[in-house]
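# Secondary and tertiary structure notes
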Amino acid sequence: MTDRDLDAIVRRMHGSGFTRRRFLAGSALAGTSAFLAACSGSNSAASASATAPSAAPSAEPGASAAPSGSAAAPSYGTEGALYMYNWAEYIDLGNIEEFKKRYNIGEFTYDVYDSNEQLLTKLQGGGTGLYDIGAPTVEFVKQMVDEGYIVELPWDRIPNAAKVNPTFQNFYDPAGPDAKYNNYHLPKDWGTTGIGLRKKVVTDEVKTWKQFFEVAPKYSGKIVMVNSAGDVLTAPLKALGYSLNSTDPAELEEARALLKGIAPHVLALDSNDYADKLRTEEAVLGLVWTGGVVDLRDEEETKDTEYLVPDDGTLYWMDTWVQFADAPHPEAGLAWLNFIHEPDIQAVETNTNRYATPNDEAKALVDPAILADPAVFVTDEAFARLEGAQNVSTDPLRAEIWEEFSASIGG
C-alpha cells in the first residue's frame, strides 16, 4: 500500500480493527512483579517510574544495550523514502504525515501481513531487501535473527529507546543465553487476545473461553476469529485448563475436538476487519484483539460492544520494531524508530490504536480514559490470569490442527 491508499484508510479508520497483536513470553521476563508494575494502567507516569525497574538495560555484551539516558536526537541522512511491512492500520496517519514532513520523505510505502507466519514466509521466499522496518511479535525475533532477516540496532542512533521500560526491552532474559536478541528489537506496544461481543444480541454470560465454546451454536454463523493460529489455539487450551503453549499430543487432541465442534459456527477468520463485522452485526461474538473493538464502545450505535479478558486465562503479546537486513533506506528506518518513541508521538499511537505503550514517558500524555481502561491497560488481577507465548508455531501437531480448522470453518 502506498500513499495513494491513504484516503481509503481514513474512511475505514474508525470502523476497522487496528490490528497487531500477539505473544509476550512471560518466561523470558526478568521478573513477573516488575512486568506487572510496568504494565499496570492504574499507575500514573510518576508511579510507573517508581515501581518499574529503575535500572536501564545494561550495555554489557549479551545484555540489552539500549541507551540508559536521554540524548539529543541524531541527524539522519534519510533517503527520501521509507518502506514499512506491518500489521494492517497499525500507525496513526497523522504521525505518518508528520514523519514525512520532518524527514523529507516523499514515498512512504506501507504493506501489510496478517500473521507472523505470513511475514516469515515472505522473507523465506526471497522477500529480503524490500522493506526497511517491520513490527513482528517479539518471540519471533530470535528466529528472524538466526535466519539473517534483521540486524542489530545501533542504540546510539535511537536515543528515544531509553524511554522504553527496561522490562519490555529485556524480553529475552539479560542473564540468559538468548540475551543478545534484546539488541535486535525495540518494543512497539502490547495487548491481549480476548472475547468481543455485542451485548444486545449475546444475552448469555460469556466470561470464559469455556463459555465461549458452550454458547457458540446459539450464534452460529455470527462468530469471527482473528486469523492467527496461536491466538485461536489459546481458546480451547485455556478452556481445558492447559497452557496455551502446550505441545502435549493428548492435550492438543482435546483442543482439536473443541475446534472441530465450533468450526461450523464460525463466519470467518479475519485479522483485519473483525471490528467491522462486529460493528455491522455480521458477527456478534468473536475471538479478537482489543484494537478496533474498544473503539466501538465509544459510538452510539455500537456502545453495547464489550471486550473481555477471559476469566480462565488468555495470552498477552508484544509487537516490536525491527530493522530488516538489506534495508533499501536504513537511515529513514532509524529515523522512524527514534521518531515513534518521542513521548507525544507515542501517546498519539496509543490513543489511536488502543494498545498499551511500553514507553513510560508517553503514559503521562495518554488520554486518561484510555490509561484507566482495563481492556487496554489491564488490571493486576486480570494480568495474573494471562500467559505469555513461546514460539511453538513449528510444532507439527499444532500446525496440523490449525490447517484442519481453518479449512473447515462454516462447513
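Our structure is the block above this text.
This write-up is about the structure you can find in this document.

Another aspect to go through is helix H4 (residues 93–102). Every buried residue of H4 is listed here: Leu-93, Asn-95, Ile-96, Phe-99 and Lys-100. Mapping the buried residues of H4 onto a view down its axis gives an arc of 160°, with all of them on the same face. The distance from a side-chain oxygen at the start of H4 to the backbone nitrogen of Gly-94 is 2.9 Å, and the residue carrying that oxygen is Asp-92. Looking one or two residues beyond H4, the residue adopting positive phi is Asn-104, at roughly 55°.

Of note, the phi angle at Asn-104 is positive, near 55°, even though the residue is not glycine. Along the chain, the position of Asn-104 falls in the loop between H4 and strand E2 (107–112).

What follows deals with the layout of surface pockets. By volume, the largest pocket amounts to about 360 Å³. What lines the largest pocket is a set of 26 residues, and nearest its centre among them are Glu-117, Ala-229, Val-392, Ser-393 and Thr-394. Broken down by secondary-structure element, the contributors of at least two residues to the lining of the largest pocket are helix H5 (116–124), helix H9 (229–239) and helix H18 (396–408). In terms of residue class, the lining of the largest pocket is built from 10 nonpolar, 12 polar and four charged.

Our next topic: H18. Its 13 residues place the ends of H18 18 Å apart at the C-alpha level, agreeing with the 18 Å of an ideal helix rising 1.5 Å per residue. At its buried positions, H18 is contacted by strand E5 (223–225), H9, helix H10 (249–262) and strand E6 (266–269). Of the residues flanking the end of H18, it is Gly-410, one or two places downstream, whose phi is positive at about 75°.

With the rule as written, the count across this model stands at 23 aromatic pairs. A ring pair is formed by Tyr-316 and Phe-383, whose centres lie 5.0 Å apart and whose planes are at 40°; its orientation type is tilted. Of this pair, Tyr-316 sits in strand E9 (residues 314–323) while Phe-383 sits in helix H17 (residues 380–383); the two residues are 67 residues apart in sequence, bridging distant segments of the chain. Of the two residues, Tyr-316 and Phe-383, neither departs from the other in class, the shared state being buried.

To continue, consider the side chain of Arg-354. Here Arg-354 lies in the loop between helix H14 (343–353) and helix H15 (360–363). Separated by 3.3 Å, the side chains of Arg-354 and Asp-295 make a polar contact. Side chain to side chain, Arg-354 and Asp-298 meet in a polar contact 2.6 Å long.

To continue, consider the packing of H4 against helix H13 (residues 330–339). In contact at an axis separation of 11 Å, H4 and H13 are set at 130° when each is read in the N-to-C sense. With respect to H13, the axis of H4 lies oblique. As for how H4 packs across H13, the hand of that crossing is right-handed. Packed against H4, whose contacting residues are Asn-95, Ile-96, Glu-98, Phe-99 and Arg-102, the element H13 presents Ala-332, Ala-335, Trp-336 and Phe-339 at the interface.

Quick look at the environment of Leu-259 now. Position of Leu-259 among the secondary structure elements: in helix H10. With relative accessibility at 3%, the residue Leu-259 sits in the buried group. Spatially, the C-alpha atom of Leu-259 lies 6.5 Å from that of Phe-405, the residues being 146 residues apart in sequence. Excluding its chain neighbours within four sequence positions, the residues that come into contact with Leu-259 are Phe-213, Val-232, Leu-233, Pro-236, Ile-401 and Phe-405.

The rules we used
- Residues numbered from 1 in each chain as written.
- Predicted model: local features only at pLDDT ≥ 70, side-chain atom pairs only at ≥ 80, totals over all residues.
- Heavy atoms only, no water.
- Buried < 20%, exposed > 50% of the residue type's maximum accessible area, 1.4 Å probe, protein only.
- Helix = DSSP H or I, 4+ residues; strand = E, 2+ residues; numbered from the N terminus.
- Arc of directions from axis to C-beta.
- Polar contact = N/O pair within 3.5 Å; in protein donor to acceptor, adjacent residues only side chain to side chain.
- 1 Å grid on protein atoms, 1.4 Å probe; cavity = no way out; pocket = protein on both sides within 12 Å on 5 of 7 lines; lining within 4 Å.
- Points joined across faces, edges and corners; volume = space filled by probe spheres on them.
- Nonpolar A, V, L, I, M, F, W, Y, C, P; charged D, E, K, R; others polar.
- Expected span 1.5 Å × (residues − 1).
- Contact = heavy atoms within 4.5 Å.
- Phe/Tyr/Trp six-rings, centres within 6.5 Å; stacked < 30°, edge-to-face > 60°.
- Axes fitted to C-alpha atoms, helices over the stretch in contact; angles between N-to-C directions.
- Parallel < 35°, antiparallel > 145°, perpendicular 65-115°, else oblique.
- Left-handed = near helix turned anticlockwise from the far one by under 90°.

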